[in-house]
Amino acid sequence: MAEAEFTAAAFNRFLKEGKLMAARCRGCDSLALPPRSLCPNCHGSDMEWTPLKGTGRLAAFSCIAVGSTRMVQEGYDRTNLYCSAVVDLDEGVRVSAQLLGVEANRPETIRVGTPLKADYLDQDEEGKEAALAFRPQG
Ligand SMILES: [Zn+2]
């Protein structure tokens, strides 16, 4: 079977299945996340999908009061902030995603370096795109 195209749509289909997938370069072993059909390191085009463990550490975050349409629909606003995180995955790539299981209204309680694991939102909801999020491990 041919590899699915390295698009956001394919990435989201994997999320729907509860999989965090990156594109890996067969030439130099670099990972591309979000996935791309060209290697970000050697610009080769021999890429394949590879599963990531979905674990990592919090690299940076911001707590957001005025969010995207999707987040407003999810009920986030000025009084109910959400936290957007940059996560250093164990495989050495970074990904940005929502951070759950923290007090977004009290950013002083959130610590860079916290071990995180991936969570998949709306995985079981028919007709809705899955979204990647992270939560503190343990
Ligand atoms: Zn490469």
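Right above here is the structure, for reference.
Being a predicted model, the structure only gives us computed values, none of them experimental.

## Brief notes about the environment of Leu52
- By the element assignment, Leu52 lies in the loop between strand 3 (47-51) and strand 4 (55-64).
- Among the residues examined, Leu52 registers 19 C-beta atoms within 10 Å and is labelled partly exposed.
- The spacing of Leu52 and Glu103 is 51 residues in sequence and 27 Å in space, taken between C-alpha atoms.
- Residues in contact with Leu52, not counting those within four places in the same chain, are Leu20, Met21, Ala22, Leu89 and Glu91.

## Focus: the nonpolar core
- Cys83, Ala85, Val87, Leu99 and Phe134 are the most contacted members of the largest nonpolar core, which has 25 residues in total.
- Elements with a minimum of two residues in this core: strand 1 (21-25), strand 4, strand 5 (82-89), strand 6 (94-99), strand 7 (115-121) and strand 8 (131-136).
- The element that contributes the greatest number of residues to this core is strand 5, accounting for five residues.
- Looking at this core, you find at least three residues from each of domain 1 (8-51) and domain 2 (55-136).

## Concerning the environment of Gly138
- Relative to the assigned elements, Gly138 resides in the segment after strand 8.
- On a C-alpha basis, the gap between Gly138 and Leu116 in space is 8.7 Å, while along the polypeptide they are 22 residues apart.

What counts and what doesn't
- Residues numbered from 1 in each chain as written.
- Predicted model: local features only at pLDDT ≥ 70, side-chain atom pairs only at ≥ 80, totals over all residues.
- Helix = DSSP H or I, 4+ residues; strand = E, 2+ residues; numbered from the N terminus.
- Buried ≥ 20, exposed ≤ 12 C-beta atoms within 10 Å, placed from the backbone.
- Contact = placed C-beta atoms within 7 Å.
- Core = buried A, V, L, I, M, F, W, Y, C linked by C-beta atoms within 7 Å.
- Domains from an automatic or database assignment.

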